[in-house]
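Fold and geometry: a report
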Amino acid sequence: MESVTYGVNLNQNDFNQLIDILHKKFNTLSNKYITGILVKKLPNADILHANKPTESRGKTTHIAFTTKSRYFFNDILGTSFLDSHDDYDEKIELPIKVENSYSNSNEQSDDQEFIETHTVIWRIPKKDQNQLGLSKTEVNGDAFQRFREDMYTDDFLIVIKCTDSNINESYEKELYTILIKPDDTENYELLSNINTRPGAQLFEIENPKGNMEVHEETPPLDLSTTEIIGENIIYYGVPGTGKSYKVNEEFEGNFYRATFYEDYSYADFVGQVAPVLKQTEDPSKEDRLVYEFVPGDFAKVLKNAIQRPSETHNFVIEELNRANTAAVFGDIFQLLDREKGISKYTINNEKLGRYIYANADHAFVSQWLNVYINENEIRIPNNLNIIATMNTSDQNIHPLDTAFTRRWDMEYIPVDFNKLTKDLYINGLNIRWKEFAEYVNTTILSLNLMNSEDKQLGPFFATEHIITDANKFANKVLVYLWKDVFKHSKDELFDTDKVVGIQSLLKTFNNHPLDVFNNEFKNSFGNTPGDEHDE
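Residues numbered from 1 in each chain as written. Predicted model: local features only at pLDDT ≥ 70, side-chain atom pairs only at ≥ 80, totals over all residues. Heavy atoms only, no water.

Moving on: the overall build of the chain. Looking only at helices and strands, one finds 18 helices and 22 strands in the chain. Looking at the chain as a whole, 49% of its 535 residues are labelled buried. (Helix = DSSP H or I, 4+ residues; strand = E, 2+ residues; numbered from the N terminus. Buried < 20%, exposed > 50% of the residue type's maximum accessible area, 1.4 Å probe, protein only.)

Core analysis: the biggest nonpolar cluster contains 43 residues, and F269, F315, L320 and F329 have the highest contact counts within it. Among the secondary structure elements, those contributing two or more residues to this core are β11 (254–259), α9 (297–307), β14 (313–318), α10 (325–329), α11 (350–357), α12 (362–369) and β19 (384–391). Aside from chain neighbours lying at most four places away, what touches F315 is Y256, A258, F269, D297, F298, V301, L384, N385, I386 and I387. With 36 residues, the next largest nonpolar core counts I426, A437, Y439 and L493 among its residues. (Core = buried A, V, L, I, M, F, W, Y, C linked by side-chain atoms within 4.5 Å. Contact = heavy atoms within 4.5 Å.)

For the pair α9 and α11, the least separation of the axes is 8 Å and the interaxial angle reads 45°. On the basis of the axis angle, α9 is oblique to α11. Note on packing geometry: the crossing formed by α9 with α11 is right-handed. From α9, A299, K300, L302, K303, I306 and Q307 reach across to α11, where they touch L352, Y355, I356 and Y357. Broken down by class, the residue content of the contact of α9 with α11 amounts to seven nonpolar, one polar and two charged. (Axes fitted to C-alpha atoms, helices over the stretch in contact; angles between N-to-C directions. Parallel < 35°, antiparallel > 145°, perpendicular 65-115°, else oblique. Left-handed = near helix turned anticlockwise from the far one by under 90°. Nonpolar A, V, L, I, M, F, W, Y, C, P; charged D, E, K, R; others polar.)

Within a pair of aromatic rings, the relevant descriptors are the distance that separates the centres and the angle that separates the planes. Enumeration over the complete set of coordinates arrives at 36 aromatic pairs. Ring plane angle 50° and centroid distance 4.9 Å describe the contact between F26 and F114, whose orientation is recorded as tilted. Here F114 lies in strand β5 (residues 114–124) and F26 lies in the loop between α1 (12–25) and α2 (27–30), a separation of 88 residues in the sequence. Accessibility assignment for this pair places F26 and F114 in one class, buried. Taking 5.2 Å as the distance between ring centres and 80° as the angle between the ring planes, the aromatic pair formed by F72 and F73 counts as edge-to-face. For the pair F72 and F73, one class covers both residues: buried. One aromatic cluster is present, formed by W433, F436, Y439, F473, W482, F486, F494, F509, F517, F521 and F525 through successive ring pairs. (Phe/Tyr/Trp six-rings, centres within 6.5 Å; stacked < 30°, edge-to-face > 60°.)

Moving on, we come to the packing of helix α14 (residues 433–446) against helix α16 (residues 470–485). Each packed pair of helices is defined by two parameters, the angle between the axes and the distance between the axes. It is at 13 Å that the axes of α14 and α16 come closest, and there the two elements cross at 5°. Classified by the angle between their axes, α14 and α16 sit roughly parallel to one another. In contact with W433, F436, V440 and I444 of α14, α16 contributes F473, V477, L478, L481 and V485. Taken together, the residues of the contact of α14 with α16 break down into nine nonpolar, no polar and no charged.

Attention now goes to the sheet that holds strand β10 (residues 232–237). Pairing in this open sheet of five strands is parallel, and the strands run β11-β14-β19-β10-β20 from one edge to the other. With partners counted over all chains shown, the strands left at the sheet margins are β11 and β20 (409–412), one partner each. Each neighbouring strand pair of the sheet contributes to a mean axis angle of 20°, computed without reference to strand direction. Across four bridges, the pairing between β10 and β20 is parallel. Its bridge partner lying in β20, Y236 is registered against Y412. (Pairing = 2+ DSSP bridges.)

Its location among the elements puts T241 in the loop between β10 and α7 (243–250). Since its relative accessible area comes to 0%, T241 is described here as buried. Engagement of the side chain of T241 in a polar contact is seen with the backbone oxygen of V238, the distance being 3.2 Å. Ignoring anything within four residues of it in the chain, the contact list for T241 reads I413, P414, V415, K419, G458, P459 and F460. (Polar contact = N/O pair within 3.5 Å; in protein donor to acceptor, adjacent residues only side chain to side chain.)

Bringing α11 into the picture now. Because an α-helix completes one turn every 3.6 residues, residues spaced three or four positions apart along the sequence face the same direction. Those residues of α11 lying buried are L352, G353, I356 and Y357. An end-on view of α11 places all buried positions within 110° of arc, on one side of the element. Each element contacted by the buried residues of α11 is listed here: β13 (288–295), α9, α12 and β18 (377–378). (Arc of directions from axis to C-beta.)

Applying the stated rule across the entire model yields 21 salt bridges. D184 is the partner of K25 in a salt bridge, and the nearest nitrogen-oxygen pair spans 3.4 Å. With K25 in helix α1 and D184 in the loop between β8 (174–180) and α6 (185–194), the pair connects residues that are 159 residues apart, well separated along the chain. For K25, a relative accessible area of 34% translates into the label partly exposed. The closest approach of N and O atoms between D150 and K181, which form a salt bridge, is 3.9 Å. One end of the pair, D150, is in the loop between α5 (142–149) and β7 (156–164); the other, K181, is in the loop between β8 and α6, and 31 residues separate them in sequence. (Salt bridge = Lys/Arg side-chain N within 4 Å of Asp/Glu carboxyl O.)

What follows deals with a nonpolar patch on the surface. A contiguous nonpolar patch, built from V273, L277, L289 and Y291 and spanning about 450 Å² of accessible area, is present on the exposed surface. Mapped by element, the contributors of at least two residues to the nonpolar patch are β12 (271–278) and β13. Inspection of the secondary structure puts L289 in strand β13. Residue classification places L289 among the exposed positions, given a relative accessible area of 54%. (Patch = residues over 30% accessible without salt bridge, like charges linked within 9 Å, V, L, I, M, F, W, Y side chains within 5 Å. Areas by Shrake-Rupley, 256 points an atom, 1.4 Å probe, with all protein chains shown as cover.)

Across the chain, pLDDT averages 82, with 80% of residues at or above 70. Segment residues 1–10: pLDDT under 50, and 46 contacts once partners within four positions in sequence are set aside and those in other chains are kept. Confidence drops under pLDDT 50 across residues 528–535; counting only partners more than four residues distant or on other chains, this segment forms 10 contacts. (pLDDT = per-residue confidence, 0-100.)

So, on to the environment of Y357. With respect to the helices and strands, the residue Y357 is situated in helix α11. Among the residues examined, Y357 registers a relative accessible area of 3% and is labelled buried. Taking C-alpha positions, Y357 is 7.1 Å from K303, a pair spaced 54 residues apart along the chain. Apart from the residues within four sequence positions on either side, Y357 is in contact with I306, Q307, H362, V365, V371, I373, E377, I378 and R379.

Not every positive phi belongs to a glycine, and E319 is a case in point at roughly 60°. Within the element layout of this structure, E319 appears in the loop between β14 and α10. Using a relative accessible area of 24% as the deciding quantity, one classes E319 as partly exposed. Positive phi, normally seen in glycine, also occurs at N359, with a value near 70°.

Take a look at the structure:
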């Protein structure tokens, strides 16, 4: 990772905003490795005489670079050139690229956005230190001269120093230069916030081929807090086996939960651009309707994980297979392949990227996740666990395909009544819940029906307040068994001479609980309900 040196009043966030401007406006620059940016709000003194306000005086023919901005050109001119006191008349030709709009029909370029031209640069002796002058009308290339003639007071001049993305051993730098004018309202406002003091502001990346060399302005990037190995895991089993409890036992850190359902969508999961009513500062004016990115459940968690890298974040998806997972995950599916907890592959998602990287430490995140933030590249970080639960009894709602499941660890949660910490009796039956459920499960498995194993009762299928309330128990447990489990074989558990429907099931259980069951059940538990454990 490179070291960075900031000019006056310029910081990492400013640099990120500059990169965003450049990448938005020019595809050429998005494919370059930018090693330095110099921004100067042009004063009257740097403007050609013809473009100066009428009250201004002077006939300056160059653009001046002083103080720190002088060093921007050091690795092009040589470090000794600036401070030398020899031959101040020496003017060095400087190849530079300007926007194609400044070319004429006689000038050709393979680049659709920029054309190569040239200007000159030289030293200007001053009392305390040399300055640099850029541009002489009589020796400028034609395209650069037209570019120069388009400069007006308060325009922003941006000079970009870059190489090809894959840096070769020769490490030859190219210079690009553009103007941002006041009519480019959005970008001009961003630059105005950056350029709050006179003079040029600059951002330099030094030693791009070497190891990191830390300057006082830039502390070393400490990745020691990101050694968590995040995972994708699905806990599955029959209802009530304790899948959610397992999650809480196995994981620590920050928890976020989302429950999938039939109509749960990509917009709910990742986000969407939607109309939002914004209040105006002036109470006399009506609120205004704006369109902005509204983050979904996963986007919010991802942002927290990236902006708080020293913490573990657990995103729990309940009822995973109740939604169409392929449609819900969309491009996020690509991120589920992970190595040491970090996505092996990236996606580019501008809206999501701008949301999750806002106010993040871009230098840290870029090194940590190996992403180009300015291209809105996204990976899942290693401090984020994605944990899902699903009931196997619901597996036919939205089956998970192999491509999806192979990107997850899978753990089956078996039916285990030893997990129960209380010996609960079913109100009215005087039968332990554990014994009742185990008998029902044995009966289910004996039927050898398709997916019969998935119909079993887990130890936590019914909670204590259900088990100890006869009416609630009948409505939750017995109706489930009648309608879903023994739908086509009711006589395997129930006395179908006395119970013919849900109404008679509930009425009979309320009056004579054992009478709803067949003789096999009664023989297993006794024919007469007791009162000892009635509540």
